[in-house]
Amino acid sequence: QEYCITTYHASVEDLIYWSFVGSAFMSLALAIVTGEFVQGLSFVYHSQANVYYTWWIFFAFCTFGFCGANFSTAITAQYGALVNGIANTVRKAVTIGLSFVMFPERNVLTGQKLMGTAVFFLGLLIKILSKDTSSSSSYGQHPPPHQKERELHSSGGGGGGSGGGGLWETMK
């Protein structure tokens, strides 16, 4: 994603839209070939719940998934893939932690799980701290690629573009 955004000046919305369209067509083709498409439609229309409720849940799931992917790609465009990976890892850890709080009867908190959580967050902290020390030394005198791109667009330089600003102008 970061490569497409910086190299081709793709907008976040275009990147997400075409990724979802492509995966939808591939999923549809695979579902038709395996016969799961007909089974899925049969399940929706013969389910115990209201058919409209099932479609509403499907629509809400797709909408929230699209919004989440859009936010995730915007983080990648603005801050890079590493920051996006760390943000998504923290989001998943918080979700798991909330499941222990919200459903204590199904998720028993043991000493092993607490130890695993501590090791996980320690590893995440080390990853964040190593990023801070390596980001200043790994690029030497040159800024990171996404920073260089922002500087080119903000100074009016950059050569070769249409001069239309693109993603970086909208992100300011």
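Definitions and limits used
Residues numbered from 1 in each chain as written. Predicted model: local features only at pLDDT ≥ 70, side-chain atom pairs only at ≥ 80, totals over all residues. Heavy atoms only, no water. Helix = DSSP H or I, 4+ residues; strand = E, 2+ residues; numbered from the N terminus. Buried < 20%, exposed > 50% of the residue type's maximum accessible area, 1.4 Å probe, protein only. Contact = heavy atoms within 4.5 Å. pLDDT = per-residue confidence, 0-100. Phe/Tyr/Trp six-rings, centres within 6.5 Å; stacked < 30°, edge-to-face > 60°. Lys NZ or Arg CZ within 6 Å of the ring centre and 35° of its normal. Axes fitted to C-alpha atoms, helices over the stretch in contact; angles between N-to-C directions. Parallel < 35°, antiparallel > 145°, perpendicular 65-115°, else oblique. Left-handed = near helix turned anticlockwise from the far one by under 90°. Nonpolar A, V, L, I, M, F, W, Y, C, P; charged D, E, K, R; others polar. Patch = residues over 30% accessible without salt bridge, like charges linked within 9 Å, V, L, I, M, F, W, Y side chains within 5 Å. Areas by Shrake-Rupley, 256 points an atom, 1.4 Å probe, with all protein chains shown as cover. Salt bridge = Lys/Arg side-chain N within 4 Å of Asp/Glu carboxyl O.

Asks: Just give me the short version of the overall build of the protein chain, but keep the residues and values in it.
Replies: Secondary structure summary: the protein chain contains 8 helices and 0 strands in total. Listing every helix and strand of the protein chain by position from the N terminus yields α-α-α-α-α-α-α-α. With 172 residues in all, the protein chain has 17% of them scored as buried. Counting contacts in the protein chain only where the partners sit at least 6 residues apart, residues at least 24 apart contribute 60% of the total.

Asks: So what about the confidence of the model for the protein chain? Which residues, and what values?
Replies: Scored by pLDDT, the protein chain comes out at a mean of 77, with 76% of its residues at no less than 70. Within the model, the stretch residues 136–145 combines pLDDT values under 50 with 4 contacts to residues more than four positions away or in other chains. Throughout residues 151–172 the model reports pLDDT below 50, and contacts reaching past four residues in sequence, or to other chains, amount to 24 contacts.

Asks: So what's going on with the packing of aromatic side chains? Residues and values would help.
Replies: For the structure shown, the criterion picks out 6 aromatic pairs. Note on Tyr3 and Tyr8: the rings are 6.1 Å apart at their centroids and 85 degrees apart in plane angle, and the pair reads as edge-to-face. With centroids separated by 5.6 Å and ring planes inclined at 90 degrees, the aromatic side chains of Phe20 and Phe66 adopt a geometry described as edge-to-face. Taken as a pair, Phe20 in helix H2 (residues 12–34) and Phe66 in helix H4 (residues 51–79) lie far apart in primary sequence, 46 residues in all. For Phe20, a relative accessible area of 35% translates into the label partly exposed. For Arg106, the ring lying beneath its charged end belongs to Phe103, and the centroid distance is 4.6 Å.

Asks: So what's going on with the side chain of Thr76? Which residues, and what values?
Replies: Take Thr76: it is sitting in helix H4. With residues up to four places along the chain from it excluded, the contact list for Thr76 reads Gln1, Glu2, Ala81 and Asn84.

Asks: Could you give me a rundown of the packing of H4 against helix H5 (residues 81–102), with the residues and numbers involved?
Replies: Packing of H4 against H5 leaves a shortest axis separation of 7 Å and a crossing angle of 140 degrees. Considering the angle they form, H4 stands oblique to H5. Where H4 crosses over H5, the handedness of that crossing is right-handed. Residues Ser72, Ile75, Thr76 and Tyr79 of H4 form the contact with H5, whose participating residues are Ala81, Val83, Asn84, Ala87 and Asn88. Per-class residue counts for the contact of H4 with H5 are 5 nonpolar, 4 polar and no charged.

Asks: Outline a nonpolar patch on the surface, listing residues and values.
Replies: Together, Phe25, Leu28, Ile32, Phe37, Val38, Leu41, Tyr45, Trp55 and Phe58 make up an exposed nonpolar region whose accessible area comes to about 910 Å². Looking at the nonpolar patch, the elements that each hand over two or more residues are H2, helix H3 (36–45) and H4. Ranked by residue count, the leading element in the nonpolar patch is H3, at 4 residues. Residue position: Phe58 is located in helix H4. What makes Phe58 partly exposed here is its relative accessible area of 48%.

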